[in-house]
Each structure stands twice: as structure tokens, then as C-alpha cells.
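Report on the structure
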Amino acid sequence: KNLLHTKYLIIILGILSLVITSGVFMISVKKLKRRIDDSRKEIERLAVTDELTGLYNRRYFFKKLDEEFERTKRYGHTLALVIMDIDNFKSFNDRHGHQAGDAVLSEVAGQIRCCCRESDIPARYGGEEFAIILPSTSREGASSMAEKLRKKVSESRIKDYNFTVTVSIGISVLTPENAYSPATLIYDADSALYRAKEEGKNRIVIAI
């Protein structure tokens, strides 16, 4: 009789061991799946992000601009584009070195993030150029946001360096009536930026 009880006990313990092992296995599988999902999301984020500034990269900017352009035409929204350039950046970079130049880029990028809405799409457009796609934004709204950004940049001191920088900004706005192409939007904002540089820098020009 005792032997029978012992056998039953061994069987029960074996079953419990299998249940526990299965539970641990399931937990391990869930953890592994979570890690894989986290890694995939991180890879996807890095693929669309500029390493230095943490903003979106140029490739992602063009992809989103095409998408927002199509949405503007389809739903009758407005679409604004801000292109900005750090004034005198090349001479500053040559004089103070690339490390200081990187600090400037990071600081400006931080100010851009502070001024953007969740729906806005800020990107590093070129070396010292940044672009911000502003969905469903009017001429007045884009101008207000750009002025706030221009002022914040001019008033902020670069971390670890005792100086400030300024930016020049060009703005273009598409409406359903004048939604020619994403290239036109970029051209108009670039032209406005060029005028801002020609007129003395540290200012905003809106394309007509």
C-alpha cells in the first residue's frame, strides 16, 4: 500500500513538474517575443531617425511629405512646410570645431521638438538645415509657430559653450486650390528661406 502511495506521489510530482516547466517555458516565450518586438521597434525607429539630432531623417521626411500632400488634396486640408537654416553655421563650425557644431545642432533640434505638436513632423533636412511638416496648418498658424521657434533658438545658450545662435526660416503653405506638388512646396519654402538670408538673417519669410 505504501508503495502504491509512493508511486502516486511520484506521478503527481511529475505532473506538477511538467506544469511548472510548461509555465516557465510560456513565460520565457512571452519574454522572448517581447524582446523581439522591442528590438524590431527600435530598428524601425533608427531607420527613420537622424542619429545626432534625434529628429526624423531626410528619407522619412520626403515619405511623409508625399503622404501629407495626398491627404491635403483628398480631404481639403491645408499643409504648411517650414524650412530653417542655422545662420553662419559653416564659419562657426570652422572656427570652433565639429564638436561645438554638433552641440549647436542638438540644441536647435531640442528647441524644434519643444515647439512642435504631436502631429508635426520635424526632420533634419540637410547639414544645418531642418524641415518641419505642419499638417492642417494655416499661414497664420505656421507663422506663429515659426516665430516662437526663432525666438526660442535666439534666446537659448548652447550647452557647455557660452554663445547663442540664430536661424532663418522660410515657410510655404499649400491649400487644396494650389496643391501642385510636394516639390513646389519645398521650392517655395526654400525660396522664402533664401530671401530671409538675403534680408539679414534671424527672420521669417513666408512664400506668397
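Above this note sits the structure.
Presented here is an overview of the structure given in this document. Along each chain, residue indices are assigned from 1 in the same order as the chain's sequence is written. pLDDT decides what is reported in this predicted model: residues at 70 or higher carry local features, side-chain atom pairs at 80 or more are listed and counted, and totals for whole chains, interfaces and linings draw on all residues regardless. In computing side-chain values, all of the structure's heavy atoms are included and hydrogens and water are not.

**Describing the packing of aromatic side chains**
Only Phe, Tyr and Trp rings are paired, with Trp represented by its six-membered ring, and only when their centres lie within 6.5 Å; those with planes under 30 degrees apart are stacked, over 60 edge-to-face, the remainder tilted. According to the stated counting rule, one finds six aromatic pairs in the structure shown. Geometrically, the ring pair formed by Phe 62 and Tyr 125 is tilted, given 6.1 Å between the ring centres and 50° between the ring planes. With Phe 62 in helix H2 (residues 58-75) and Tyr 125 in the loop between strand S2 (121-124) and strand S3 (129-135), this residue pair connects regions lying 63 residues apart in the sequence. Residue classification places Tyr 125 among the buried residues on the basis of a relative accessible area of 9%. Secondary structure elements are taken from DSSP: a helix is a run of H or I of four residues or more, a strand is a run of E of two residues or more, and numbering for both begins at the N terminus. Burial here depends on accessible area, computed with a 1.4 Å probe over protein chains only, as a share of the maximum for the residue type. Under 20% is buried, over 50% is exposed, and the range in between is partly exposed.

**Here we look at the pairing of strand S1 (residues 79-86)**
Judged by how many residues are buried, S1 sits mostly within the fold: eight of eight residues are covered. Here S1 shows a buried face lined by Leu 79, Leu 81, Ile 83 and Asp 85 and a second buried face lined by Ala 80, Val 82, Met 84 and Ile 86. Here S1 pairs with S3 via seven bridges, running antiparallel. Each residue of the ladder has a partner; that of Leu 79, found in S3, is Pro 135. Strands pair, by our definition, only if DSSP identifies at least two bridges between them. One ladder, built from eight bridges, connects S1 with strand S4 (residues 167-174); its direction is antiparallel. Bridge pairing links Ile 83 to Gly 170 in S4.

**Focus: the pattern of salt bridges**
Here, a salt bridge means any side-chain nitrogen of Lys or Arg that lies within 4 Å of a carboxyl oxygen of Asp or Glu. In this structure the tally under the stated criterion is 10 salt bridges. In this structure, a network of salt bridges that share partners links the residues Lys 63, Lys 64 and Glu 67.

**Quick look at the pairing of S3**
Within S3, six of the seven residues are buried, which leaves it mostly tucked inside the rest of the structure. Examined bridge by bridge, S2 and S3 share four bridges and lie antiparallel to one another. Of the residues in S3, the one forming a bridge with Ala 123 is Ala 131. Hairpin connection from S2 to S3: four residues lie between these consecutive antiparallel strands.

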